[in-house]
Each structure stands twice: as structure tokens, then as C-alpha cells.
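Structural overview
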Amino acid sequence: MNLHSIAAAIPEIYLIAAICLVLLFEAFVGARRPGATGTLTLLVLVIGAALTVVFADVTHRVVLFDGSYVADPLAFVLKLAGFLSVAVALLYSRSYLQGRDILKGEYYVLALSALLGIFVLISANSLLTIYLGVELLALSVYAMVAFDRESGVAAEAAMKYFVLGAIASGMLLYGMSIIYGLTGTLNLDGIAVALNAPNNLGVILGLTFIVVAVSFKFGAVPFHMWLPDAYEGAPTCVTLFIGTAPKIAYFALALRLLTHGLAGATVDWTRMLTPIAVLTLVVGNLVAIVQSNIKRMLAYSTISHVGFILLGFIAGTASGYSAALYYTLVYVLMTLGSFGVVVLASRKGFEADRLEDYKGLYRRDPLLALAMAMLMFSTAGVPPFVGFWAKLRIIQALWETSHPWLVIIAVTMSVVGAFYYLRVIKLMYFDEASASAPETVRSFGVRFALGLNAAAVLVLGVLPAPLLDLCSRVIH
Amino acid sequence: MHDHLLSLLIWLPIAAGVVVLLLGERNIAAGRWLSLIASLATLALCVPLWRDFNTHTAAYQFVQKAAWIARFHAYYALGVDGISMPLIVLTAFMTIPVVIAGWRVISARPAQYYASFLIMEGLMIGVFAATDALLFYFFWEAMLIPMFLIIGIWGGPRRVYATIKFFLYTFLGSVLMLAALIYMYVKAGSYSIAAFQALPLTLAEQRWIFAAFLIAFAVKVPMWPVHTWLPDAHVEAPTGGSVILAAIMLKMGGYGFLRFSLPITPDACRELDLLIITLSLIAVIYIGFVAIVQPDMKKLIAYSSIAHMGFVTLGAFLVYAIVKATASTQGAGMGIDGAMVQMISHGLISGALFLCVGVLYDRMHTRQIADYGGVINTMPVFAGFMVLFALANTGLPGTSGFVGEFLVILASFKASFWYAALAAVTLILGASYSLWLVKRVLFGPVGNERVAKLNDLDGREFLILGALAAVVLLVGIWPAPLLKVMEPSIQHLVSQAIATKIPV
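The structure contained in this document is the topic of the report that follows. (Residues numbered from 1 in each chain as written. Chains lettered and ligands numbered in written order. Predicted model: local features only at pLDDT ≥ 70, side-chain atom pairs only at ≥ 80, totals over all residues.)

**Section: the overall build of chain B**
So the rule is basically this: Numbering goes from the N terminus for both helices and strands, where a helix is a DSSP run of H or I of at least four residues and a strand is a run of E of at least two. Based on C-alpha atoms, the radius of gyration is set beside the globule rule, defined as 2.2 Å times the residue count to the power 0.38. Labels follow a simple rule on C-beta atoms placed from the backbone: if 20 or more others lie within 10 Å of a residue's own, it is buried; if 12 or fewer, it is exposed; otherwise it is partly exposed. Contact between residues is assigned whenever the C-beta positions, reconstructed from backbone atoms, fall within 7 Å.
Looking only at helices and strands, one finds 22 helices and two strands in chain B. Relative to the globule expectation of 23 Å for 504 residues, the C-alpha radius of gyration of chain B, 22 Å, shows essentially globular dimensions. Per-residue burial for chain B yields a buried fraction of 61% across its 504 residues. Taking all contacts inside chain B whose residues are at least 6 apart in sequence as the whole, residues at least 24 apart take part in 81%.

And the structure:
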């Protein structure tokens, strides 16, 4: 094994080294110059993305480390998306952390180790690697939720998240052990070969636990209870983080585990996912309507989007998986923006997390309001914004596989969804501002990034071909 | 230039709208003039469109095609035929009075107001010009955003309720149509509307697709019983919003029936034409009665719009009954002719009536009929215009209102005596609500002190209403050029509508 042969794994190797570097930097420099660690981390992410482009842009599937690691074009795209979304999330977080005196270097270390977990999941090709990735990601994120140690709400949210997450991990492990027992291998390629009989009771048993764990990680109904609490309780910049990059990892988890390793049992897991997806769509959208807290509302909106992503898996074709991939990437882009607005609208002592805090935002900050309006229309799936294409691709995949009822449920639920997104726009544009609201964050760099984020939603909506192409190309 | 004429028509107003938005509220004087120039330039672009339009072919003209999403065979494909071209001209024409009417009246966020209308104009032209179903849907839905903001920001007291109702109603209709379009894409392998029209579909498929289209277009028209969003939206919308809503947006439902329902699902249309005809007649008669008792001028005109749009859907779906009754395809297109003329005419007349209400509202800040009376004494010129438009609304010969209604009633006579008898009731009802409105608002002694203090039209208002009156009369007296433009396309549509698409 020489360096050349493991070049495809450079992103992970680099990240481990970078985490050590950032940790040391924080210990020696960070205490004296708060904020420097954040800048270094952003630099680390940019270099990482560049290294990924140079070394990990593989043209075909490369399996490394005795079959436990895989690098393919899909992994390349997902890792770049991971770098980008974490960088953007950290950029938005900075003013938030600063304003609340929690701008500590550990935050960045945790974010980077979560990113490492995400990468491990993206490139996992054995049950063990998957578990490693899941835990690395989850443990980093639990700590991030509790990062504001003065906040009781955050501690409670972290505790809930941790306990329920641990149960899910247990489920996953148990399901994996059954699959291992049936096939005698941990390797996903090996499992795919060994497992090709549907309706095998043992497989169904193992699969049940795995589907439950995957649904839990995604936040699919009825395993979604942790999600609104964690989203609401966590500091907003952490909500922004856990709402975005980890979804990329869970998409990869579902794709590698279900559609590759357990491809032989596709019929079985499709049957299990169908009611889960429908429930997720319905409950997510309906419950979001009655929320008065925007973080909770966006949490339920996330749940409803998960329903759409699962529909892509239910289609069970390459077209469906690439639709789910597209939806995931688009979702991450839109969520970065909308939570970014929440972060920028808040100040110490004013969390801007109630819906009524957005009344008359147009008057206070026209640019922020415009960005939020574009993001909300996009999330609702209205052209000319990119969210429209995400929904279109899912519906197309469902028609290709003849699922008329799922199409009807999906489109009706997107109308229900439109209602609560419109309400945010209504508050911002049609209502008068309340006098007490403080000024929004005015730092130029962050606002520029947010502007780009909103502009991307429009540009990708008007010219959707490149991203649609990419998503179709990397999934066969 | 002809290769890009339609693109220019779409993107010129949108670009101007963005510039007005960027100029911001501080440079609103420049923004106003830019809006006016852009809307005039858009109308000027319609001159070559009309002049160089070949009236001997049903094929799409001024065609432009570029790859948009190559992988999914979606194209940026534009083109017009005799059905869409007049509607594009109507759109370009009606935007100008809206811009002028807002000149001094809109004081809150005027730059956004003009930008919304200009962007809206481009999107509406896009709807009519798209020959790719995905592009059509793209414009169709995007159009909701500026309208949502127009009603929500510049509307009346209950504007939030009205605009959310408007958005959700139309959104629900649209997404079901989207599902149908994607279904056909999966079958046809292309989003081209022509490919959909040529795609063989079983009767069961056609029924479902017809239902999806019906919901989308019926909401937009709006047909009874899904019309309830319209009076709310109209009453709350600012004058400009009402004008665009009545003059153009409602036409999109009618356009959809002609472009999608009839040629794509002809067998389902044949089977279910009685349903549409019944709903249309209910709209004509029942909504006509409802209009009579409205105390609010805008609501009255809104209900009259629904009744008049009933004529459009009636005319469009008479084709099967005519073929059956006369056993020949000769003259089967008369109902569709009438529907088209009615759409153009209603666009002009309802737009003009809403502008008239706007003129009064700007002075008195009330739309209640009871607050007026004897306006003719203080505003004689205005009264003259309003009487003309009200008479045109009743279908007075010599105005554009007559041509459409007459053609549709004539066509229904061909189909069945009873259709004609019921449709003709509108002549009485239309006269009742229009003339009674005129009587209560304009005639009689001066109603109160505020009416006594009214000033007659200023130059700006005179210009708008004068131009509209001229066009209403022109179309009424000399409709031949309009009918000639539409003729080949409607013939082609009739042949598509009466053919069967069920695979053997």
C-alpha cells in the first residue's frame, strides 16, 4: 500500500490531521485571540475542498482498506457538498457565538469531527465503518447542542437527543448483528451478494431494526420526536449545523445500506418505508402549521422534506435515488439559508425564534427579508426557485414506477406546506413591525454569503440543468 | 429579430422590473418613467408580432428553441399561434393603463409596485408563449408570486386573508396539473405540448388528466363552484391588481382549456362536455343573480367577471354538441371563436370597469354603491366612459362585448335550443346588474356632499379610459382582423378536439 493507492481517502486523512492542528492552535493561540480558530477552520475547509477536488475526484468506484471504504463519484460530490455546507454554517455561526460569549475553539473542533463522521458515513462500505461514522457524527453533534452550557433548554435538548440517539444506535447495531449473522460478512458488497432472497423472515427482522434506525436518524415519523426539541433547544447556529450537513450523511447511509448492501431485500424495505414516508409527509406538514416558534416550524418542515426524500427511495430506481440526492442537496442549500436568516435576525437576549419576531422584517432589514422570502418560496416548491425542481424530480420518479397515490399525497401535502411558508412571508412583508425588535446583524461578509445563498436558490431554479445532470450522473 | 421577438417580449419587462427594484424607492421618479417606457416598448414589440403574423397557418410562429434541461428533454421553446398571439397583445396593452393608473395613487413602496407589475407582465407573456409544458408551468406558477405580493402589500383591509386564499387555491389546482404533466412526460419522453397533443391515451388516463386540468383551469377561470377566491381577491386587491387579475390572469384558465384540455384529452372532453356546459350555465345564470345584489362595486364587477368567463368555458366546450347536432364539423369552431373573442373583450371591459372603480375610489375611498349617487352631475366625462363600459359589459352591439356573446349564443343555438335559451338569460342579467349599477352610482340627484365635491377626470385618467374605449369600440365594430388571425388555429384545434386519441 503506497500513498498513491489511498489517494482517494485523502479527505478523511486530511481532516484528522486538520482536527489535531485546530485543537493545538486553539490550545496555544486561541485563548489569546478569540475568533482566530474560526478563521483557521474556514481555511482548513477551503483547503480540504481543494484537496478533495485534486485527489478524490475518482472516475470509477475505488474500494480501499479491505473493502471497508469506498470512494466513487457520488462520495466525491457528497464530500464537496459537506465541505461547502459546513463552511457556510460556520460562517453564519460566528456572530451568533460572539454575541453570546461562547465563541470557543472547541466549537470548531466539534464541527470538524462531525464532518469527519459525515465523510466516514459517505464512504462507508462495511457495517463497521457505518457504525463508526454514525457514532462519530452523533457524539460530536450531541456536544454541540449542549455547547451553550449556561442554557438549561440546550442541556435538556442535548439530553433528549443523546438518549433517543443512543437507542437508535442500539437498534442499528442490533439490526446489523442480525444481518451479519445471516450473511457472515460485514462488507456491504459481500452482503449484497449473499442476500438476495426477499421475504426471508430473518432478513426482515434485521431490516426492521435498520429501517427504524435510519428513520430515526432522518427524523421520519414516528421516530421524529427528538427533532423538534433538539432544533428548538439548541443554540440557533447549532440548529443550522444539525439541520444541514448531517442530512447528506444520512442520505449516504440510506443509499449505501439499503440500496446497495440490502438491495436483495428492496421489496421488504420499500414496504416498510412507504407508510413511514406518507406519515412523515402528513404529520410534518400538518404539525408545522400550528407552530409559533420558527425553529420548531422549520423542524417540522424538515420532517416533511424527509418524507419527500424517502419517496425517492421508495421509487426504487436509479432515477428515484438521484431524485432523492437532488432533493437532499437542495434541501441543505435552502435550510442553510433559512436558518442563516434566523441567526442573523437574532441578537443576545432576542433569539428571533418566535414567528411574530419576523413581523415587519421588511422595514427593519429589506435584504434579509428578501432573502428569506426567496428561501420560503423555494422551500414551498414554487418556481422559479430550485425547490420546485426537487419536488418535480421526486414526482417524476414516482410516476416512472407507477405510484399514483404517492404522487397525489405528495402534491397535496406540498400545498399544505405552502401555507406555513407563506405565513412567514406574510409576517415579514404585510404586517407592521413591533417596536421592540433590535437591529439585525449587519456584518458585511455574512450578509454577502447569505445573499449568495439566496441567489443560488434562484439561479439553480432558472438554470437547473447542471445540478440535475450531476445528480443523475453519479448514481447508476 | 423575429427569432428572439418572443424572448424580448418576456424578458424586457422582467429586466425593467428588476432595474426599477434596484433603483429603489429613492429614485422612484426615474423608476416610474422607466416602467412606462418599458411597458410602451413591450407594446411596441407587439406591432411586428401582429404585422408579420401569418394568418394562413395553424403552426407555431416566431419559434425559438434552446436546450434547457437536456437530460429531461425540456426546452426553452417559444412560439405563438392564433390563440396565444392575441392574448399576448392583450397582456402588453393592459399593463400600460396599470402603470399609468398607479402614477400618483401608489405612495407606499412604489418601486416594488411597478417592479411587481412589470415582472408579472413578462411572466404572463411567458405563459402564453411557451410551447414546452414545463416552461409553461414554470411561468404559470412563478406568476403567483408577484400577484401574491401585490394583493398582500397594496390591498385593502382583509388583504392577507384574500391573498393567501388566492395563492393556495391556485397552487392546489396547479400542482395537480403538474402531476398530470409529469405523467405525460414519462409516457411521451418529452415536455413539448405538441408531443402531449399527439400522445395516445386510454379513456381512463384521459379522464384523470382531464380532471387534473379541470381543477387547475377551473380555479383560474374561475368556474362555479371554485370561484370563491375571486371576489375576495378582487375586493382587496389594489386597482392595478384587479385589472391584471380580471383582464389577464382569468384568461389563463380559458387558454389552458383550449391549449391543454381539448387537444390533449379530446375523448374525455367529449364524454364530460355536459359537465363543463352545466357548470358554465350555472356560472352565467346563478352568478349573474349574485352580481345583482352586491353592495360593493368591485364585488359586483368580480361576479360579473365570473359570469362572463362562464361564456368562455361554454363556448369552448360547445364543439362536441354542435358536431353531434349538425352532424358536420362545419361551423363547429364557432363556440371557440366566441370564447376567444369573449376573452379579449372581457379583458378590455373588465379592466376598464375596474379602472373606473379605481377612479372613484381614489377620490372617495369607498367602493360601496350606497355612498354614491348622481356622480354624472360632477363628473360628466367620467360618467360617459363608465356608461359606455357598462353597456359594453351587457353586450351592446357595436362594442366588443357583443361579438363574443353573440358568437357563443349563436353556437349554443346550433348545439341545442335549451343551451341557447339559458345562455341568453345573461343578456337580461348582464343588463340588470350593469345598468342598475350605473343608475345608482351615476344617475339621479347628487347623493351626498362628498359626491358634490368630486372633480372630473384628469388628463392621465382620460388617456387611459379613452384608449380602452377606443379599443372596445374598434373590436366591436370591426372584429374581422381578430377573427382572421384566430381562424386557422381554431380550425386546427377543432380537428384535434373531435379526433380520438384512444389507442387501438
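Moving on, there is more to tell.
**Things to note about the environment of A:Gly219**
All names here are of chain A. One can find Gly219 in the loop between helix H8 (201-218) and helix H9 (226-233). Counting along the chain gives 28 residues from Gly219 to Lys247, while the straight-line C-alpha distance between them is 9.8 Å. Among residues more than four places away in sequence, those in contact with Gly219 are His224, Leu227, Thr302, Ile303 and Val306.

**Quick notes on the pairing of strand S2 (residues 74-80) of chain B**
Residue and element names in this part refer to chain B. Just so we agree on the cut-off: Pairing between strands is defined by DSSP: at least two bridges between them are needed.
Most of S2 is tucked away, with six of its seven residues classed as buried. In the sheet, strand S1 (residues 61-69) pairs with S2 via six bridges, with the strands oriented antiparallel. When the bridges of S2 are listed, Ile69 appears paired with Ala74. Between S1 and S2, which follow one another and run antiparallel, lie four residues, and His73 among them has a positive phi close to 55°.

**Quick look at the interface of chain A and chain B**
What counts, and what does not: Three residue categories are used. Nonpolar comprises Ala, Val, Leu, Ile, Met, Phe, Trp, Tyr, Cys and Pro, charged comprises Asp, Glu, Lys and Arg, and polar comprises the others, including Gly.
Each partner contributes to the interface: chain A provides 24 residues, whereas chain B provides 26 residues. At the level of secondary structure, the elements contributing two or more residues to the side of chain A that touches chain B comprise helix H17 (387-400), helix H18 (404-430) and helix H20 (465-474) of chain A. Ranked by the residues each element gives to the side of chain A that touches chain B, the list is headed by H18(A), at 10 residues. Tallied by class, residues from the side of chain A that touches chain B come to 18 nonpolar, three polar and three charged.

**What about the packing of helix H12 (residues 266-289) of chain A against H18(A)?**
Residue and element names in this part refer to chain A. Rules: Lines fitted to the C-alpha atoms define the axes, with helices restricted to the stretch that makes contact. Angles between their N-to-C directions range from 0 to 180 degrees. In what follows, roughly perpendicular refers to angles from 65 to 115 degrees, roughly parallel to angles under 35, roughly antiparallel to angles over 145, and oblique to any angle outside these ranges. Left-handed describes a crossing whose near helix is turned anticlockwise from the far helix by less than a right angle; the clockwise case is right-handed.
Here H12 crosses H18 at 20°, and the two axes come no closer than 9 Å. Classified by the angle their axes make, H12 and H18 are roughly parallel. H18 is crossed by H12, and the crossing has left-handed handedness. Two secondary-structure elements touch here, H12 through Val278, Leu281, Val282, Asn285, Leu286, Ala288 and Ile289 and H18 through Ile409, Ala410, Met413, Val416, Gly417, Phe419 and Tyr420. When its residues are assigned to classes, the contact of H12 with H18 shows 12 nonpolar, two polar and no charged.

**Structural notes on helix H5 (residues 133-142) of chain B**
With respect to burial, H5(B) is a largely interior element, 10 of its 10 residues being buried. Buried residues belonging to H5(B) abut S1, S2, helix H4 (110-129), helix H6 (144-154), helix H7 (159-188) and helix H8 (193-198) of chain B.

Purely spatial values, then, with no claim about function.
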